[in-house]
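Observations on the three-dimensional arrangement
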Amino acid sequence: MQLDEFFVTGEPLIYAGMVSIALVTAATIFILTYFKKWGWLWREWLTTVDHKKIGIMYILSALAMLFRGGVDALMMRTQLAFPDMNFLNSQHYNEIFTTHGTVMIIFMAMPFLIGLMNVIVPLQIGARDVAFPALNALSFWSFLFGAMLFNISFVIGGSPDAGWTSYTPLAGAAMSPGPGQNFYLLGLQLSGIGTLATGINFMVTIIKMRAPGMKMFKMPIFTWSTLVTAFIIVFAFPILTVALALMTIDRIFGSQFFTLTGEGLPMMWANLFWMWGHPEVYIVILPAFGIFSEVIATFARKQLFGYKAMVWSMILIAGLSFLVWVHHFFTMGAGAFVNSVFSVSTMLIAVPTGVKIFNWLATLYKSKIQFTVANLWALAFIPSFVIGGVTGVMLGMAAADYQFHNSYFLVAHFHYVLIAGTVFACFAGLVYWYPKMFGHKLNEKIGKLSFWFFLIGFHVCFFPQYFVGLDGMPRRVFSIIPEWMPLNVISTVGAFGMGIGFVIFVYNIYYSFRYSEREKTGDSWDGRTLEWATPTPVPFYNFATVPHVEDHDAFLDMKKKGQTTFDEEKLEPIHMPSSTGQPFIMMGIMFIASFGLVFEWLWMAIAGLVGVLIMMGIRSFDYDDGFHVEVDEIKRTERSARRL
Amino acid sequence: MSSHELKSGPLEYRTEQGQMNILGFWIFLGAEIVLFSTLFATYAVLFGRTADAPLPGELFEPGTVLIMTFLLLTSSFTCGISIHEMRRGSVKGLTTWLIITLLLGLGFLGFEIYEFIHYEHEGATLQSSAFWSSFFVLAGTHGLHVTLGIGWAILLLLQLAKRGLTPVTSRKVFIISLYWHFLDVVWIFIFTSVYLIGMVV
Ligand code: HEM
Ligand SMILES: [Cu+2]
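The rules behind the values
Residues numbered from 1 in each chain as written. Chains lettered and ligands numbered in written order. Predicted model: local features only at pLDDT ≥ 70, side-chain atom pairs only at ≥ 80, totals over all residues. Heavy atoms only, no water. Helix = DSSP H or I, 4+ residues; strand = E, 2+ residues; numbered from the N terminus. Buried < 20%, exposed > 50% of the residue type's maximum accessible area, 1.4 Å probe, protein only. Contact = heavy atoms within 4.5 Å. Areas by Shrake-Rupley, 256 points an atom, 1.4 Å probe, with all protein chains shown as cover. Lys, Arg positive; Asp, Glu negative; His and termini not counted. Charge placed at Lys NZ, Arg CZ, Asp CG, Glu CD. Buried area = accessible area lost by both parts, 1.4 Å probe. Salt bridge = Lys/Arg side-chain N within 4 Å of Asp/Glu carboxyl O. Polar contact = N/O pair within 3.5 Å; in protein donor to acceptor, adjacent residues only side chain to side chain. Patch = residues over 30% accessible without salt bridge, like charges linked within 9 Å, V, L, I, M, F, W, Y side chains within 5 Å. Near = heavy atom within 4 Å. Nonpolar A, V, L, I, M, F, W, Y, C, P; charged D, E, K, R; others polar. Donors = N, O, S within 2.8 Å, 3.2 Å for Na, K, Ca; no water. Tetrahedral: all angles 85-135°; square planar, octahedral: opposite > 155°, others 65-115°. pLDDT = per-residue confidence, 0-100. 1 Å grid on protein atoms, 1.4 Å probe; cavity = no way out; pocket = protein on both sides within 12 Å on 5 of 7 lines; lining within 4 Å. Points joined across faces, edges and corners; volume = space filled by probe spheres on them. Axes fitted to C-alpha atoms, helices over the stretch in contact; angles between N-to-C directions. Left-handed = near helix turned anticlockwise from the far one by under 90°. UniProt positions renumbered as here; feature names shortened; annotations may be inferred. Core = buried A, V, L, I, M, F, W, Y, C linked by side-chain atoms within 4.5 Å. Phe/Tyr/Trp six-rings, centres within 6.5 Å; stacked < 30°, edge-to-face > 60°. Arc of directions from axis to C-beta. Disulfide = S-S within 2.5 Å. Parallel < 35°, antiparallel > 145°, perpendicular 65-115°, else oblique.

When its secondary structure is counted, chain B shows 6 helices and 0 strands. If you list the helices and strands of chain B from N to C, you get α-α-α-α-α-α. In terms of overall dimensions, chain B has C-alpha extents of about 65 × 30 × 25 Å along its principal axes. A total of 201 residues make up chain B; the buried ones form 54% of that total. Across chain B, contacts joining residues at least 24 apart in sequence account for 78% of those joining residues at least 6 apart. Surface exposure of chain B reaches about 8,600 Å², of which carbon and sulfur atoms provide 71%. Here chain B holds 10 positive side-chain charges and 13 negative ones, and the gap between their average locations is 22 Å.

Between chain B and chain A, the contact holds 41 residues from the first and 38 residues from the second. Across the chain B/chain A interface, buried area totals approximately 3,300 Å², and carbon plus sulfur atoms make up 73% of it. At the boundary of chain B with chain A, the tally comes to 0 salt bridges. Summed over the shared surface of chain B and chain A, the result is 10 residue pairs in polar contact (both at pLDDT 80 or more). Where the side of chain B that touches chain A is concerned, the elements lending two or more residues are helix H1 (16–45), helix H5 (130–163) and helix H6 (167–200) of chain B.

Turning our eyes to something else, we now look at a nonpolar patch on the surface. All names here are of chain A. A cluster of nonpolar side chains, Phe253, Leu602, Ile606, Val610, Ile614 and Ile618, forms an exposed patch at the surface whose accessible area comes to about 520 Å². Among the elements that take part in the nonpolar patch, helix H20 (residues 602–620) stands out by supplying 5 residues, more than any other. Among the structural elements, Leu602 can be located in helix H20.

Residues and elements named next belong to chain A. Taken together, 22 residues sit near ligand 1, with Tyr93, His100, Trp164, His415 and Arg476 positioned nearest. Contact distances for ligand 1 include 2.8 Å between a nitrogen atom and a side-chain N or O atom of His415. Mapped by element, the contributors of at least two residues to the shell around ligand 1 are helix H4 (51–81), helix H5 (90–124), helix H15 (408–438) and helix H17 (485–515). Residues of the shell around ligand 1, tallied by class, amount to 16 nonpolar, 4 polar and 2 charged.

All names here are of chain A. The iron atom of ligand 1 binds to the protein through His100 (NE2) and His415 (NE2); the donor distances cover 2.0 Å. For the iron atom of ligand 1, the 6 donor atoms in the first shell make angles of 88 to 180° at the metal, a pattern classed as octahedral. With His100 in helix H5 and His415 in helix H15, this residue pair connects regions lying 315 residues apart in the sequence. The same class applies to His100 and to His415, which are both buried.

To continue, consider the confidence of the model for chain B. Summary statistics for chain B give a mean pLDDT of 94 and a share of 98% for residues scoring 70 or more. In the predicted assembly, ipTM is 0.95 and pTM is 0.95.

All names here are of chain A. Protein-derived ligands of the copper ion (ligand 2) are His278 (ND1), His327 (NE2) and His328 (NE2), with the metal-ligand distances lying across 1.6 to 2.0 Å. Within one chain, the residues donating to the copper ion (ligand 2) are spaced in sequence as H-x48-H-H. Here His328 lies in the loop between helix H10 (307–320) and helix H11 (336–348) and His278 lies in helix H9 (residues 266–300), a separation of 50 residues in the sequence.

Residues and elements named next belong to chain A. Across all of its chains, the model carries 5 cavities of 30 Å³ or more by this definition. In this model, the largest cavity occupies a volume close to 190 Å³. In this structure, the largest cavity is lined by 18 residues; those nearest its centre are Pro220, Ile221, Tyr307, Thr529 and Asp553. Broken down by element, the lining of the largest cavity gets its largest block of residues, 3 residues, from H9. Here the lining of the largest cavity is built from residues that sort into 9 nonpolar, 5 polar and 4 charged. The calculated volume of the second largest cavity comes to roughly 110 Å³. Along the walls of the second largest cavity sit 15 residues, with Ile106, Met110, Phe143, Ser191 and Thr195 positioned nearest its centre. Only H5, helix H6 (133–151), helix H7 (180–208) and helix H8 (221–253) provide two or more residues apiece to the lining of the second largest cavity.

Residue and element names in this part refer to chain A. Two numbers describe how H4 lies on H15: the axes approach to 13 Å, and their chain directions differ by 150°. Crossing hand, H4 versus H15: left-handed. In contact with Ile56, Ile59, Leu63, Leu66, Arg77 and Leu80 of H4, H15 contributes Tyr408, Phe427, Leu430, Met437 and Phe438. Taken together, the residues that form the contact of H4 with H15 break down as 10 nonpolar, no polar and 1 charged.

Further remarks concern the UniProt feature "domain: Heme-copper oxidase subunit III family profile" (unreviewed entry) in chain B. The UniProt feature table records "domain: Heme-copper oxidase subunit III family profile" (unreviewed entry) at residues 23–199 of chain B. For the annotated span residues 23–199 of chain B, helix accounts for 85% and strand for 0% of the residues, and the straight-line distance between the end C-alpha atoms is 39 Å.

So, on to the nonpolar core. Residues Leu286(A), Trp360(A), Phe424(A), Trp132(B) and Phe135(B) are the most contacted members of the largest nonpolar core, which totals 256 residues. The element best represented in this core is H9(A), accounting for 21 residues. In this structure, Leu88(A), Tyr93(A), Ile96(A) and Val468(A) belong to the second largest nonpolar core, which totals 13 residues.

Residues and elements named next belong to chain B. Position of Thr141 among the secondary structure elements: in helix H5. Within polar-contact distance, the side chain of Thr141 engages the backbone oxygen of Val137 at 2.5 Å. Those residues in contact with Thr141 that lie beyond four places of it in its chain are Leu35, Phe36, Leu39 and Phe136.

Under the definition given, this model contains 96 aromatic pairs over all chains. Ring geometry for Phe299(A) versus Tyr432(A): centroids 5.9 Å apart, planes at 75°, classification edge-to-face. Linking Phe299(A) in helix H9 with Tyr432(A) in helix H15, this pair joins segments that are 133 residues apart in sequence. The same class applies to Phe299(A) and to Tyr432(A), which are both buried. Between Phe60(B) and Tyr119(B), the ring centres sit 6.0 Å apart and the planes meet at 40°, which makes this aromatic pair tilted.

Another aspect to go through is the pattern of salt bridges. Residue and element names in this part refer to chain A. Inspection of every chain in the model, using the stated rule, returns 16 salt bridges over all chains. Measuring nitrogen to oxygen at the nearest pair gives 3.9 Å for the salt bridge that ties Lys520 to Glu517. Across the pair, exposure class does not vary: Lys520 and Glu517 are exposed alike. Among the charged side chains, a network of salt bridges with common partners joins Arg301, Asp523, Asp526 and Lys559.

What follows deals with the UniProt feature "transmembrane region" (unreviewed entry) in chain B. All names here are of chain B. Summarizing the sequence annotation, UniProt attributes the feature "transmembrane region" (unreviewed entry) to residues 21–45, 65–83, 95–114, 134–158 and 178–198 in the numbering used throughout. Secondary structure within residues 21–45 divides into 100% helix and 0% strand; the distance between the first and last C-alpha atoms comes to 36 Å. Within residues 95–114, the helical portion is 100% and the strand portion 0%, while the C-alpha atoms at the span's ends are 28 Å from each other.

For helix H18 (residues 554–561) of chain A, the complete set of buried residues consists of Ala554(A), Phe555(A), Asp557(A) and Met558(A). One side of H18(A) holds all its buried residues, which, seen down the axis, span an arc of 155°.

Counted according to the given criterion, the structure contains 0 disulfides over all chains. Here Cys461(A) is not cross-linked by a disulfide; its sulfur's nearest cysteine counterpart is in Cys426(A), at 18 Å.

We now examine the packing of H5(A) against H7(A). Residue and element names in this part refer to chain A. Closest axis-to-axis distance for the H5/H7 pair is 12 Å, and the angle between their directions is 25°. Viewed along their axes, H5 and H7 adopt a mutual orientation that is roughly parallel. As H5 runs across H7, the sense of the crossing is left-handed. Contacts between H5 and H7 involve Thr102, Ile106, Phe107, Met110, Ile114, Met117, Asn118 and Val121 from the first element and Tyr184, Gly187, Leu188, Ser191, Thr195, Thr198, Phe202 and Ile206 from the second. Grouping the constituent residues of the contact of H5 with H7 by class yields 10 nonpolar, 6 polar and no charged.

Structure, rendered in structure tokens:
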């Protein structure tokens, strides 16, 4: 293979990308070496099994991916602003909408939420860690290495260009030769391992590790949403695993699952993909609902209205999410009866979702609303998401979908639900729990500025797309006709407004790090749930003494009764897991194996897989059972954290 | 993360970590059910799409498949005995029966490999048609699981020799027994819905 086949050549934008990657890498290496931070990096982060640190790494990576996906989005919007624009050519446009969609869903939205779950769920249930801390680290590294594998495709080998849905036969070896599509398949496969492990880990954590007295129906609602999400993950991800594996075997080993030559069925891909893909959209929306419920209850200073209805509606949504996948291809000729069945099941989801909307409104009703930045994101979510939901029901009507299918109407719809639902929730959750993670709040003024830029930009960007979509503009086209120009220009302006909002958000992180007041108590917002019962920074063992839960809003109850999570009398040595470099190394080797498969260098893939098996063997023989934190140390840590 | 131990009940359930590992593994088996169901569904959808390759009825051999089934079912039984021995606290009984289980598993694998090579010779390969792709991937995934199970159990035998029965080793053995029975159940489905149906249709 020639070097210029290995590296992507000929595109100025990509050369710029290469230069910036080289610069950032060099700068990072320089800084780490200059300040002698390699040991610190290894001990504190690469080998950590602490759920809070893992969560923070997830969130930071997700923010980086949001940046990458956002740049993709702005490039597309620039290209679409004017007819005959020559910013991107058609091939490059195809690659960018593919990487944008994939990065946003798999490497941004899901990891962001999993990051928040990691930081918060064990704290909310009064646990000292997740059930399988080392497995948790493994999950993170599998996500990160998967994301890296996918992302390097744009400088090495070439990006995939068959859309994030990768429909066959377009994505097959005949029509998409070369490594691009393989990057998609193996990047997703690698990170999928970790997602499944996360699902199992959180199910066991929540079922088994709740503080004494916390019955299932006394769990905080974000924890509930995590449990339901973990359930969807466990039952949906194996479908993706199989689908990706079948396509990989088709492409690399010449099997005939999706090819027409061997009597394979291209439509089977669409079915398998969406049997995972539809539940996937609930994997990114249910935790978002959980976050909004927490934020709204806290800042309305009221108990969440209709707690049980909230839980049951989530469970119902999770069940229904497996029964609607065909609505993604009503137009592909399944016939009227099949379409009708899936049309009805799709619209049914609106019922439990509506229940939730009313419960949020009822929580807010006659309350003393505090308009903090976190709450602004939550409040803005409600009407925005309703617009997305209503247009979703429109798309769910099979007959009408023949008009909307693959048009900008759809693009507007899914951005309304994904951004107003998931992205707003990520921001709300990050702002809300930020003081717990970093020991200071984000600046509210700058936060509001960023919020308004983002919110207004969002509506300006996506609302016009409903109309240009009804006017017939298809999705995934790289140029427009003059009639569509005005609305497209508006849309592009809005997109840049969101970009500015994001930049201000990131600036706020820097600004607050420098200037915000440090947290003293750990209870930053006068919170209701147990995560606020820990001091800030949270000691690595979370709770010195585990609280006894008697009521909903356990911490509020404790505050009323004057209880704390640090009772010197009751201290006992705490058992904690030791750090380990195995997850990082194992997934690093897995990365090499996957890279080999991407280029169809079997020797490399096999060597890597053997390495992984050896690592599993080493793990099996590892009987390190962790260590005990002695009472004296707990006392010292707590006193300094609580400033006693 | 508590290291409290219970005083009674099966050894593998006596620590909280043990209980969590076992529950986690049950959930993992749930995911495995979805994985195999997807493969079965794929196989069902692609059934009969043999292109120019031989039909399954022409190739499937009742004899071989019956022997394979017998080997695997028996191994599930011996695996059960080994857990019984573990409950009685007999490391020797446990290892003996576990080794017998593995030998039966190896026998199964041997026949499967023979079978696959035989089909190749008759012109049915992974590449020859959608039907055969789905057959090889479904049966092959099961075979791969058996192979991994054997490797895993060998590691456990070494640990048993070194450490004897502890809450940790017994939990590991118990978990692999769940895995082994699960593979047996999957095989029963392969036996009926792939081989039996393939031979009569
Ligand atoms: C800054 C905000 C964003 C802008 C301006 C934006 C813009 C776009 C554009 C222009 C397209 C391509 C439409 C086409 O030509 O077919 C697109 C597709 C897509 N976007 Fe976004 N997007 C944004 C954020 C997001 C987020 C946050 C997500 C998910 C969480 C997301 C998920 C997707 C998906 C799945 C596709 C479909 C890709 C495909 O057709 O294969 N986007 N977006
Ligand atoms: Cu859907």
